[in-house]
Structures are given as C-alpha cells and as structure tokens.
Amino acid sequence: MTLLDVENLWVQFPTRQGVFDAVRGVSFTLGKERLGIVGESGSGKSMTGRAILRLIRPPGIVRADRIALEGVDLLGMTEKEMRAVRGQRISMVMQDPKFSLNPVMTIGDQLIEAYRLANKSDRKGAKQAALDALASVSIRDGERVMRAYPHEMSGGMGQRIMIAMMLIPGPQILIADEPTSALDVSVQRQVLAIMDDLVTSRGMGLIFISHDLNLVADFCDRVLIMYAGRVVEVCRADRLHEATHPYTRGLLNSLPRLDEPRERLSVLKRDPAWSEAPGVSGRI
Amino acid sequence: MSMLSVEHLNVWFGKGHNRVDAVTDASFDVAPGESFGLVGESGSGKSTILRAITGLVPTWSGRITVDGQDVAKKRHRSFYKTVQMVFQDPYASLHPRHSVDAVLGETLHLHGFRDIDARVVRLLDDVGLGQKFRFRFPHQLSGGQRQRVAIARALAAEPRILLLDEPTSALDVSVQAEILNLLTDLRAEHGLTYVMVSHDLAVVGHVCARLAVMKDSRIVEIMDVDSLRAKRANHPYSQELLRNSVGA
C-alpha cells in the first residue's frame, strides 16, 4: 500500500552564480513504514521533506514528475487545496520545539486551535481531545501543561507536545525533521518510543530525517542515504552497517566507537564522482 | 602532581529564593597531559564547571588549582596563558566582521607576543588550515574550518590546558572526525591537558582516558575509559546513560 509516491523531485534556487540544485532527482515511495533519510548538512534531506509539503518559498523552485499522496498529485493542487493537506493529511515535526510553538499562547489554546481547525467541535470537546492527545504522548498532568506557556516546558516536553499537536488531525503521514536532535539521549529514547508507538498503532507512514546514522539504523525500516542532493544508496535499516556505498561507509567509519577504540578516526575522502553518479531510486 | 585540580567546587546563580545550585561539591584531578571528560545531560552542570574554571562565572566557592597555583577570584593574566577554552558553537564564537588574521593577531597582541606575523602563520599551519585562510571572514568558512580557527585562537597563548565545551556537537560526523584527529595530534605535539565536556559518550571515550558522570549538579561517578567501554558503571544513573547511548 503506497501512501506517498515521489518521482524525480528537484529543488532549485536561482542565485547570482546560476541555479543551485539542492535536491537533484530524488525518487522514493512511502508505505506504512518508517523511512529514514540520512545525510550531512547540505545534502538536501530537509529540502526533500519540505518540498513534499510545497513549503519551499519562492524564488526556490520545486519540480517533480510526480508527488502523489494516495494517487492524488500534490503538485497540481491550488494553494487552498494544499492547505487541506498540510497538517491534516501530512504533518511535520521540526527540530526545535522552541521555534515551532507560539510563545505567547498557552499550550492548551494551541492544541485546541489545532483540533478545532481539523474538526467541527465546541471548545469543551476540543479541550477533552487536547487532553487525550497529551495523554497519548505520556504527559500525565495534562491540565497543568494546558495552562503553561511553551517557555515553561523542557525540550523533551515541548517536542512531545509538538507530536501531540501534529497527530490531532489524524494525518496519514508524519514527516519528522531531526525531531530529537535538540534533546538529551534519555529523553530522545522516550520521544522516539512515543512516536514509534503512535505511528505503528495508527498505521501511518513516517519520514524520519536525521543526520544520526545509529539512530536511524535502530529506529527505521528502510533508509535513503543522501549526498549532494541525490539518493546514493537505499538499504534496509538493520543492514545499514553493511552498506556498500563509499560515502555511507565513510560516514560509518568516521564515527568514534566505544567498542572499537582507535588512535585516529578515519576521515571521509570525498570523491567528485559521487555527486556526478546518477541517483538511486527508493521506489518499491 | 596534578595539572588541574578542583576541590569541593560549588557554583550557583541568583540569590535567596531564586538561587539555583548549578554545581554541588564537585572534585576531580587531572594529571599533566591527561584528558578528562565530563558527561551528563543538559543542565547537569558540566559546562558550568568549565566556565567556573575560566572565570566566566563569578559565583563559585571551593578550591581550583592550576599547576599547583591556587586560582583567585580575579584571574591573573598568567592564568590565561595556561588555560584556554574552545566553545561549542563555532558560528557564535567568532566575531563576524573580524578576519581570521584579525582574530588571531589581536589575541597574540593581547598575550604580549611580538612576532605576530610569524605566529599567525604557524597557528594556521598547526590547525591544518594554511595560509590561504588567513584573510577570510567567518562567513567564508565552513563549520569545521571555523572550529579550527577557534582552536587556533585558543592555542595562540601557548596554553597547557585546553577546556573543550562540546567542540564537535555542532558539526557533521565526517567533520567531527577531522576535528577529533586534530585535537589528538595537538595534544601529542604540545603536551596539552584536556578537559572535555560532551553529551556523546563515544566522543568522550575516544578522546579521554577518564571521565566524570554528572547528574543534577553533582558528580555521581568518576570512571576510566576501560570501564566505560566494558559498560561497567557503578552508579545507576551512569548505567542508564550507557544503556541509552545509541551505538555506544
């Protein structure tokens, strides 16, 4: 069952030095699975996520042969139709909750607003739904959290609130862009477990964008490895450590490891051929 | 004889009801040429210890000695000749309108060196940047190159102790490997002593021989790297931290 089908996606930015290609012909499909996209900064992984929701602002250009959500092409939609997709059918969780929540609204008001935009409901029903949403991300004292402002929350709490808010409309796809990079390791695990639980129990598709290879290997089903705007390798997440592309191998080898102490870390030698080679398709 | 010793260090912020104890009763010793790690979650006080050592936090009590000398509340100029710090974010720690040459030149001038020109060249070579970066501005450098400039600035004073506050956490893994290798080389060449703060146990395990685990402003355990690798932690919190570290 294919939820999302992306074929030959390009994101371009015109600059004074000519057109810069941030994403160059990326193709993949997403079913009811956890798809990881990994790469270094500048590899185009976040741009891919944003382009799906058509969140690239002009002068940036998004081109693709196809971006289809359950068979319906997103590229042909008007901006108004697109607004019914964003948040309602495809949601996005960004890296830092501090910048994603409205600092001058209480968390309760923001959750209620999110719910009432998606459902016809009175305030009372919406409040109950907001409390349920907070409970689903393991926030037990929901009443207190609802009255609080975002700055009163820790990073882990903030990110859980973001996930709760994104899941209120019941989207089919969640795009998580480095959702745990700003969090401590122990909190990171909790947030991932919650996200995993919600995504699997609701039969959603998850696009998990991260720079952390180990995290993606642990958490996802399938992984796309991006380099210079292209997908250079596709593999099963549990086989990530057996990846064959020299770039993926280079990234894996440059990580310090506790179980294999080394005097010096191996340094990635970038080969211009990698960015020239045609991309790999992640379509099934 | 230890190069750096911290005894019963307390650091606090605010007064009265608003007082927050950021570090409580921390003690550790670092031998000359050793590298020592501080790990723990955000807010556990690990960076605050470094800031207290360099004099960026005035509200501390306890005893800090550097090379046998007691550190006074007001740092003497000679202190900064011995101890230098490298910060987490290379984007924030360089002046955006000063060229690399100006950053290093000014630092050298402040430390009273005369042969500034030759020293700038040598510093750039030391951190693997070379001459062609000398007249660039921070926005013309990548994150890894900026961190190299920040390290060069710290080395300008010819210090014996480098305090490293998450020196690679803002960088990509491949760049992180380059910077960690650079730190390894510099320590061997200049016989430096490192105190490194990081939330990444694998990074600390790579650089440091011993480390302290911090939780809620206290050091709960000091262990050596072999115990870390074998996951032999005594304190329940350190055990949890080891379990939670992916791939570690």
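Before reading further, recall that the structure is shown in the block above.
Quantities reported herein were computed from a predicted structural model and do not represent experimental measurements.

## Quick look at the overall build of chain B
Broken down by element type, chain B carries 9 helices and 10 strands. For 248 residues, the compact-globule formula gives about 18 Å, and the C-alpha radius of gyration of chain B, at 18 Å, lands near that figure. Dimensions of chain B along its principal axes, counting C-alpha atoms only, are 50 × 40 × 35 Å. Of all 248 residues assigned to chain B, the portion counted as buried reaches 55%. The contacts in chain B between residues at least 6 apart in sequence include a share of 66% that link residues at least 24 apart. About 10,900 Å² of surface is accessible on chain B, with carbon and sulfur atoms providing 48% of the total.

## Digging into the pattern of salt bridges
Under the definition given, this model contains 29 salt bridges over all chains. Residues A:Asp196 and A:Arg34 are paired through a salt bridge, measuring 2.7 Å at the closest nitrogen-oxygen approach. Here A:Asp196, found in helix 8 (residues 185–202), pairs with A:Arg34, found in strand 3 (residues 34–38); they are 162 residues apart in sequence, far enough to count as distant. Judged by its relative accessible area of 22%, A:Asp196 falls in the partly exposed class. Here B:Arg63 makes a salt bridge to B:Glu7, at a shortest N to O gap of 3.6 Å.

## As for the interface of chain A and chain B
Facing 23 residues of chain A, the contacting portion of chain B comprises 25 residues. When the two sides are added together, the surface that chain A and chain B hide from each other amounts to roughly 2,400 Å², 58% of it contributed by carbon and sulfur. The interface formed by chain A and chain B contains 1 salt bridge. In this structure, B:Asp185 and A:Arg264 form a salt bridge, with 2.4 Å as the shortest nitrogen-oxygen distance. Inspection of the chain A/chain B interface yields 6 residue pairs in polar contact (both at pLDDT 80 or more).

## Considerations on unusual backbone geometry
A cis amide bond links A:Pro58 with the next residue in sequence, A:Pro59, at an omega value of 10 degrees. One non-glycine residue, B:Asp25, lies in the positive phi region at around 50 degrees. Among the structural elements, B:Asp25 can be located in strand 2 (residues 20–30). The backbone phi angle of B:Ser217 is positive, close to 75 degrees, even though this residue is not glycine.

## A word on helix 8 of chain A
Between the first and last C-alpha of helix 8 of chain A there are 26 Å, a value that for 18 residues agrees with the 26 Å anticipated at 1.5 Å per step. Those residues of helix 8 of chain A that fall on the buried side of the exposure criterion are A:Val185, A:Ser186, A:Val187, A:Gln188, A:Val191, A:Leu192, A:Ile194, A:Met195, A:Leu198 and A:Val199. Each element contacted by the buried residues of helix 8 of chain A is listed here: helix 5 (123–136), helix 7 (155–167), strand 8 (173–177), strand 9 (205–210) and helix 9 (213–219) of chain A together with helix 9 (236–244) of chain B. Following helix 8 of chain A by one or two positions, A:Gly203 adopts a phi angle in the positive range, close to 65 degrees.

## Brief notes about the pairing of strand 8 (residues 193–197) of chain B
All names here are of chain B. Within strand 8, 5 of the 5 residues are buried, leaving the element largely enclosed by the surrounding structure. By the alternation rule, side chains of strand 8 split into Thr193, Val195 and Val197 and Tyr194 and Met196, which are all buried. Here strand 3 (residues 35–40) pairs with strand 8 via 4 bridges, running parallel. Looking at the pairing, Leu38 lines up with Val197 of strand 8. Where strand 7 (residues 161–165) and strand 8 come together, 5 bridges link them in parallel fashion. The residue bridging Leu164 from the neighbouring strand is Met196, located in strand 8. Crossover handedness for the path strand 7 to helix 6 (residues 173–190) to strand 8: right-handed.

## As for the nonpolar core
Residues and elements named next belong to chain A. Counting 62 residues, the largest nonpolar core has Met195 and Phe208 as the members making the most contacts within it. In terms of residue count, helix 7 provides more of this core than any other element does, 8 residues in total. Residues within four places of Phe208 in sequence aside, it is in contact with Leu35, Gly36, Ile37, Ala176, Pro179, Leu192, Met195, Leu215, Val216, Phe219 and Cys220.

## Examining the state of the cysteines
All chains considered together, the criterion is met by 0 disulfides over all chains. No disulfide involves A:Cys220; its sulfur sits 11 Å from the nearest other cysteine sulfur, which is in A:Cys235.

## Topic: the sheet that holds strand 3 of chain A
All names here are of chain A. Spatially, 6 strands are ordered 7-8-9-3-10-11 in an open sheet, and the strand pairing comes out mixed. Lying at the two open borders of the sheet, with one neighbouring strand each, are strand 7 (90–93) and strand 11 (230–236). The average undirected angle you get between the axes of adjacent strands in this sheet is 20 degrees. Taken together, the 5 bridges between strand 3 and strand 9 define a ladder with parallel strand orientation. Paired with Arg34 across the two strands is Leu206, which belongs to strand 9.

Conventions and cut-offs
Residues numbered from 1 in each chain as written. Chains lettered and ligands numbered in written order. Predicted model: local features only at pLDDT ≥ 70, side-chain atom pairs only at ≥ 80, totals over all residues. Heavy atoms only, no water. Helix = DSSP H or I, 4+ residues; strand = E, 2+ residues; numbered from the N terminus. Rg over C-alpha atoms; globule rule 2.2 N^0.38 Å. Buried < 20%, exposed > 50% of the residue type's maximum accessible area, 1.4 Å probe, protein only. Contact = heavy atoms within 4.5 Å. Areas by Shrake-Rupley, 256 points an atom, 1.4 Å probe, with all protein chains shown as cover. Salt bridge = Lys/Arg side-chain N within 4 Å of Asp/Glu carboxyl O. Buried area = accessible area lost by both parts, 1.4 Å probe. Polar contact = N/O pair within 3.5 Å; in protein donor to acceptor, adjacent residues only side chain to side chain. Expected span 1.5 Å × (residues − 1). Pairing = 2+ DSSP bridges. Right-handed = clockwise from strand over helix to strand, strands pointing away. Core = buried A, V, L, I, M, F, W, Y, C linked by side-chain atoms within 4.5 Å. Disulfide = S-S within 2.5 Å. Axes fitted to C-alpha atoms, helices over the stretch in contact; angles between N-to-C directions.

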